[in-house]
Amino acid sequence: MLQKDFYQRADVVQIAKDLLGKYLITNFNGQITSGMIVETEAYAGVNDKASHAWGGRVTERTKIMYQQGGTAYVYLCYGVHSLFNIVTNQAGIPDAVLIRGILPFEGLDIMLHRKKAQKIGAGFGIGPGKVSQILGIHFSVTGTPVTILDADEAAKMPDIWVEDRGKEIPDSGIIHTPRIGVDYAGEDAALPWRFILK
DNA sequence: CGTTGGATCTTCT
DNA sequence: GAAGATCCAACGC
């Protein structure tokens, strides 16, 4: 499991790239599902117009982004989809990485059941709404940790976490493009902060 | 195959 | 009261 020092680094763009090829795992009620992360987007704090926390806005929803790195930030989009992000950097700095796509790995039958699908076709697991759906992530889990944040050795395992299973990703294997659905963000909409594993 | 619009509800103005 | 870090099925070509 990735430790909090991975998430609490200052460079959210680097973290978004580092997360490619890692495995995102959930365990809700003993139902374990996982997949390899193949698409991410970086959202960089108060200076990023595309971020919910742009300009230092703090609301009931966005206050989660100001927690320490290693916290899950999940929120409802279009009233239909839960989008899963991992908060990065130190407490007080609202950086986050949106997980946009995974390659399903474990618990395929559970994923199919959650998605009410018969079989896994092309694009299964690609898209932030679908990632949350097949992994069973609901927006109510926002604010829960994705790693051990306390020094306490008795700290319990999180329901959601990320593992490094040794896959090396060379820079040449990463495609970077502008982020999706953030046209309202002015010049920040053009930042190449969406990362895709080939 | 490209385009369109409906679903659906929290959050902020 | 309006908009949103989306998805998918239904249409039209």
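Below, the structure is looked at part by part.

## Comments concerning the overall build of chain A
A tally of helices and strands in chain A yields 4 helices and 8 strands. Each helix (α) and strand (β) of chain A, taken in turn from the N terminus, gives the series α-α-β-β-β-β-β-α-α-β-β-β. Radius of gyration (C-alpha) of chain A: 16 Å, near the 16 Å computed for a compact globule of 198 residues. Structurally, chain A occupies a C-alpha span of about 45 × 40 × 35 Å along its principal axes. Among the 198 residues that make up chain A, the fraction classed as buried is 51%. Carbon and sulfur atoms form 55% of the exposed surface of chain A, whose accessible area is close to 9,500 Å². Treating the 20 positive side-chain charges of chain A as one cloud and the 21 negative ones as another, the clouds have centres 7 Å apart.

## Thoughts on the nonpolar core
Counting 41 residues, the largest nonpolar core has Leu 19, Leu 24, Phe 84 and Ile 99 as the members making the most contacts within it. Sorting elements by how many residues they give to this core places strand S2 (residues 31–44) first, with 5 residues. Apart from the residues lying within four places of it in its own chain, the contact partners of Ile 99 are Leu 19, Leu 24, Ile 37, Glu 39, Thr 40, Phe 84, Pro 128 and Val 131. Membership of the second largest hydrophobic core comes to 16 residues, among which are Ala 53, Leu 98, Val 182 and Ala 189.

## Digging into the protein's contact with DNA strand C
For DNA strand C, the set of nearby residues contains 21 residues, the closest of which are His 52, Tyr 78, Asn 85, Lys 115 and Gly 127. The share of sugar and phosphate among atoms of DNA strand C within 4 Å of the protein is 49%. One of the side-chain N or O atoms of Lys 115 is found 2.9 Å from a phosphate oxygen in DNA strand C. Within the backbone of Pro 128, a nitrogen or oxygen atom sits 3.2 Å from a phosphate oxygen of DNA strand C. Listed by contribution, the elements that provide at least two residues to the surface near DNA strand C are strand S4 (81–88), strand S5 (95–106) and helix H4 (128–135). Class assignment of the residues belonging to the surface near DNA strand C gives a composition of 11 nonpolar, 7 polar and 3 charged.

The rules behind the values
Residues numbered from 1 in each chain as written. Chains lettered and ligands numbered in written order. Predicted model: local features only at pLDDT ≥ 70, side-chain atom pairs only at ≥ 80, totals over all residues. Heavy atoms only, no water. Helix = DSSP H or I, 4+ residues; strand = E, 2+ residues; numbered from the N terminus. Rg over C-alpha atoms; globule rule 2.2 N^0.38 Å. Buried < 20%, exposed > 50% of the residue type's maximum accessible area, 1.4 Å probe, protein only. Areas by Shrake-Rupley, 256 points an atom, 1.4 Å probe, with all protein chains shown as cover. Lys, Arg positive; Asp, Glu negative; His and termini not counted. Charge placed at Lys NZ, Arg CZ, Asp CG, Glu CD. Core = buried A, V, L, I, M, F, W, Y, C linked by side-chain atoms within 4.5 Å. Contact = heavy atoms within 4.5 Å. Near = heavy atom within 4 Å. Polar contact = N/O pair within 3.5 Å; in protein donor to acceptor, adjacent residues only side chain to side chain. Nonpolar A, V, L, I, M, F, W, Y, C, P; charged D, E, K, R; others polar.

Any link to function would need more than the numbers given here.
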